[in-house]
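# Structural overview for review
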Amino acid sequence: MLRTKHNLNDDFVLMQEQVSQLKSSDPGFQKLAREYHQLDHQVRGLEMRDVPTSDEHFSQLKRKRVHLKDALYRCLQK
């Protein structure tokens, strides 16, 4: 099922100010956010273009995206 982009401000609606602050001041958060954005772009590209890929590979990419999102959330909890 195709969903809208997994934009951090949309995913963490109640923490938009913190997301913005950490994106501009925390190199570790910036790195995670960049990886998350790139991976989301890759997943959405596969979804939108019906690019042939194995279910396992696609699931692996989506699991990695979830793990990155969890790591970003932990950063926001500090």
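My aim in this report is to walk through the structure given alongside it, one point at a time. Everything numeric here is computed off the predicted structure, so don't read it as measured data.

### Things to note about the packing of aromatic side chains
Taken as a whole and judged by the stated rule, the model has one aromatic pair. Between Phe-12 and Tyr-73 the ring centres are 5.9 Å apart and the planes differ by 20°, which places this aromatic pair in the stacked class. In this pair, Phe-12 is assigned in the loop between helix H1 (8-11) and helix H2 (16-25) and Tyr-73 in helix H4 (residues 55-77), connecting sequence segments 61 residues apart. The aromatic ring of Phe-12 is capped on one face by Lys-69, whose charged end is 5.9 Å from the ring centroid.

### So, the nonpolar core
Ranked by size, the top nonpolar core spans 18 residues in total, and within it Leu-8, Phe-12, Val-19, Phe-29, Leu-32, Leu-72 and Leu-76 carry the most contacts. For this core, the elements supplying multiple residues, two or more each, are H2, helix H3 (27-49) and H4. Element by element, the count of residues in this core is highest for H3, at seven residues. Excluding residues that lie within four positions of it along the chain, Phe-12 makes contacts with Val-19, Lys-69, Leu-72, Tyr-73 and Leu-76.

### Regarding the packing of H3 against H4
Following both chains from N to C, one finds H3 and H4 inclined at 150°, their axes separated by 9 Å at the closest point. It follows from the interaxial angle that H3 and H4 lie roughly antiparallel. Once H3 is placed against H4, the crossing between them reads as left-handed. Every residue of H4 that contacts H3 at Phe-29, Leu-32, Ala-33, Glu-35, Tyr-36, Leu-39, Asp-40, Gln-42, Val-43, Leu-46 and Glu-47 is listed here: Phe-58, Leu-61, Lys-62, Lys-64, Arg-65, Leu-68, Lys-69, Ala-71, Leu-72, Cys-75 and Leu-76. For the contact of H3 with H4, a count of residues per class yields 14 nonpolar, one polar and seven charged.

About the cut-offs
The numbers attached to residues start from 1 for each chain and follow its sequence in the written order. Thresholds applied to this predicted model are a pLDDT of at least 70 for local features of residues and 80 or more for the giving and counting of side-chain atom pairs; totals over whole chains, interfaces and linings are not thresholded and use all residues. In computing side-chain values, all of the structure's heavy atoms are included and hydrogens and water are not. Here the aromatic set is Phe, Tyr and Trp, taking the six-membered ring for Trp, and pairing holds for ring centres within 6.5 Å; pairs whose planes are under 30 degrees apart are stacked, those over 60 apart are edge-to-face, and all others are tilted. Here a strand is any run of E in DSSP of at least two residues, a helix any run of H or I of at least four, and the numbering for each starts at the N terminus. When the NZ atom of lysine or the CZ atom of arginine is within 6 Å of a ring's centre and also within 35 degrees of its normal, the charge is said to sit over that ring. Only buried residues count toward a nonpolar core, which is a set of Ala, Val, Leu, Ile, Met, Phe, Trp, Tyr and Cys residues joined through side-chain atoms within 4.5 Å. Buried, partly exposed and exposed residues are distinguished by accessible area as a fraction of the type maximum, computed with a 1.4 Å probe on protein chains only: under 20%, between the cut-offs, and over 50%, respectively. Should any heavy atoms of two residues lie within 4.5 Å, those residues are counted as being in contact. Axis lines are fitted to C-alpha atoms, over the contacting stretch for helices. Their N-to-C directions set the angle, which ranges from 0 to 180 degrees. Any angle between 65 and 115 degrees counts as roughly perpendicular, while under 35 counts as roughly parallel, over 145 as roughly antiparallel, and the rest as oblique. Each crossing is labelled by how the near helix is turned from the far one, with a counterclockwise turn of less than a right angle marking it left-handed and a clockwise turn marking it right-handed. Lys, Arg, Asp and Glu make up the charged group, whereas Ala, Val, Leu, Ile, Met, Phe, Trp, Tyr, Cys and Pro make up the nonpolar group; the residues left over, Gly among them, are polar.

Taken by themselves, the reported measurements are silent on function.
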